[in-house]
Amino acid sequence: MRAVAAESRRVRANRRIQIELEVAEQIALDLIQQTALALRDWIREAGGEEREAMASLGAYPKMIHVASARIEDEEIYAQIVQDDGPEGHFCVGGGIGRIEPNVWGLQLVYNSGYPILAYALPDPVARKQITETIIHELTHFADPGLRVGSRFVAGGPPRSSEEYINRPEEVKAFGQEVIYEMLTIFPELERRGIAPSAAAFRAAVVLAPTWQQTACHMQERNQQRILRDAYQEFTGRGLL
Ligand SMILES: [Zn+2]
């Protein structure tokens, strides 16, 4: 019985996850807008607008529900948590998990060193980082390999960055980020006169920032898996 359960979990873990990136992007946009409004409300309620606006996010309560979205009859609440992050990182991480039956919490970990207004008025870099974090976490949300019945099973603390990046669920989630980035890069190449082709596809892969950051830690077969998923996505969209 255990072997059967383990086997079916392995099969589910290997299944391709294809999230609708435009839908995820729209959810991200909604959540970002709701978050910006919630942040502005905080500033207003806290009083002393000028001073508070300059304060870092670290001055605010640790975790606050700021926004919600509804997916597949399940409610997702976005929560902001804060942590230190290197310069240039607005969104330093994320997470998703069940809070109650049919209620999910999506955490966005914001850089506590930045002024709160950086999030109330997110610039394109911040917006891209937040959107990709949401795409990453929604891929986990959609992953049957992470669910046993109605339970959501997260894979414990990572032993190393290699071990973490090569987990099947992380390969899928980083893969969706890579595909999302490639879909922005590909038309840019075309605007510069580079016709859609296998070479252009390959160029888009190596130019995708998430690929640059993760592929060097990824086993060959996991790299191949992302390339295969990306190729399917591109042919499915009629881009190749
Ligand atoms: Zn992940």
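So, on to the overall build of the chain. Each helix and strand in the chain was counted, giving ten helices and six strands. In the chain, buried positions account for 28% of the 240 residues. A separation threshold of at least 6 residues defines the contact pool for the chain, and within that pool the share at least 24 residues apart is 70%.

Detailed reading of the predicted coordinates is not advisable wherever pLDDT falls low. Averaged over every residue, the pLDDT of the chain is 83; the share at 70 or more is 84%. The least confident element of the chain is helix α3 (residues 49-54), whose mean pLDDT is 50; the most confident is helix α9 (residues 209-214), at 97. Contacts from residues 1-7, a stretch scored under 50 in pLDDT, to residues over four places away or in other chains number zero contacts.

Quick look at the nonpolar core now. Side chains of nonpolar character tend, in soluble globular proteins, to be buried together. In terms of nonpolar packing, the biggest core is built from 39 residues, with Ala-24, Ala-28, Leu-31, Ile-130, Ile-134, Val-178 and Met-182 touching the most fellow members. When residues of this core are traced back to their parent elements, those giving at least two are α2 (21-46), β2 (74-83), β3 (91-100), β4 (103-111), α5 (124-142), α7 (168-191), α8 (198-207) and α10 (220-236). Here this core spans two domains, since at least three of its residues come from each of domain 1 (18-142) and domain 2 (159-236). Residue contacts for Ile-134: discarding those within four places in its chain leaves Ala-24, Ile-27, Ala-28, Leu-31 and Leu-106.

Let's shift gears to the environment of Glu-87. Looking at the secondary structure, you find Glu-87 in the loop between β2 and β3. Taking the number of C-beta atoms within 10 Å as the measure of exposure, Glu-87 has 7 and is therefore exposed. Residues Glu-87 and Gly-113, spaced 26 residues apart in sequence, show a C-alpha to C-alpha distance of 8.5 Å.

Another aspect to go through is the packing of α7 against α10. Interhelical geometry of α7 versus α10 gives an angle of 45 degrees and a closest axis separation of 9 Å. Taken together, α7 and α10 sit at an angle that is classed as oblique. Helix-helix and strand crossings are classified by hand; for α7 and α10 the assignment is right-handed. Across from Val-171, Gly-175, Val-178, Ile-179 and Met-182 in α7, the residues of α10 making contact are Asn-222, Arg-225, Ile-226, Asp-229, Ala-230 and Glu-233. A per-class count over the contact of α7 with α10 returns six nonpolar, two polar and three charged.

Before going further, it helps to spend a moment on the pairing of β3. Relative to β4, β3 runs antiparallel, the two sharing eight bridges. Looking at the pairing, Gly-94 lines up with Leu-108 of β4. Linking two consecutive strands that pair antiparallel, namely β3 and β4, is a turn of two residues; a positive phi of about 65 degrees is found at Asn-102 within it.

Once that is clear, we can look at the packing of α7 against α8. Their axes nearest at 9 Å, the elements α7 and α8 cross at an angle of 130 degrees. Relative to α8, α7 is oriented oblique. Crossing of α7 over α8 shows right-handed handedness. Contacts between α7 and α8 pair Met-182, Ile-185, Phe-186 and Leu-189 from the former with Ala-200, Ala-203, Ala-204, Val-205 and Leu-207 from the latter. Here the residues of the contact of α7 with α8 sort into nine nonpolar, no polar and no charged.

Here is what the cut-offs are and how they apply
Residues numbered from 1 in each chain as written. Predicted model: local features only at pLDDT ≥ 70, side-chain atom pairs only at ≥ 80, totals over all residues. Helix = DSSP H or I, 4+ residues; strand = E, 2+ residues; numbered from the N terminus. Buried ≥ 20, exposed ≤ 12 C-beta atoms within 10 Å, placed from the backbone. Contact = placed C-beta atoms within 7 Å. pLDDT = per-residue confidence, 0-100. Core = buried A, V, L, I, M, F, W, Y, C linked by C-beta atoms within 7 Å. Domains from an automatic or database assignment. Axes fitted to C-alpha atoms, helices over the stretch in contact; angles between N-to-C directions. Parallel < 35°, antiparallel > 145°, perpendicular 65-115°, else oblique. Left-handed = near helix turned anticlockwise from the far one by under 90°. Nonpolar A, V, L, I, M, F, W, Y, C, P; charged D, E, K, R; others polar. Pairing = 2+ DSSP bridges.

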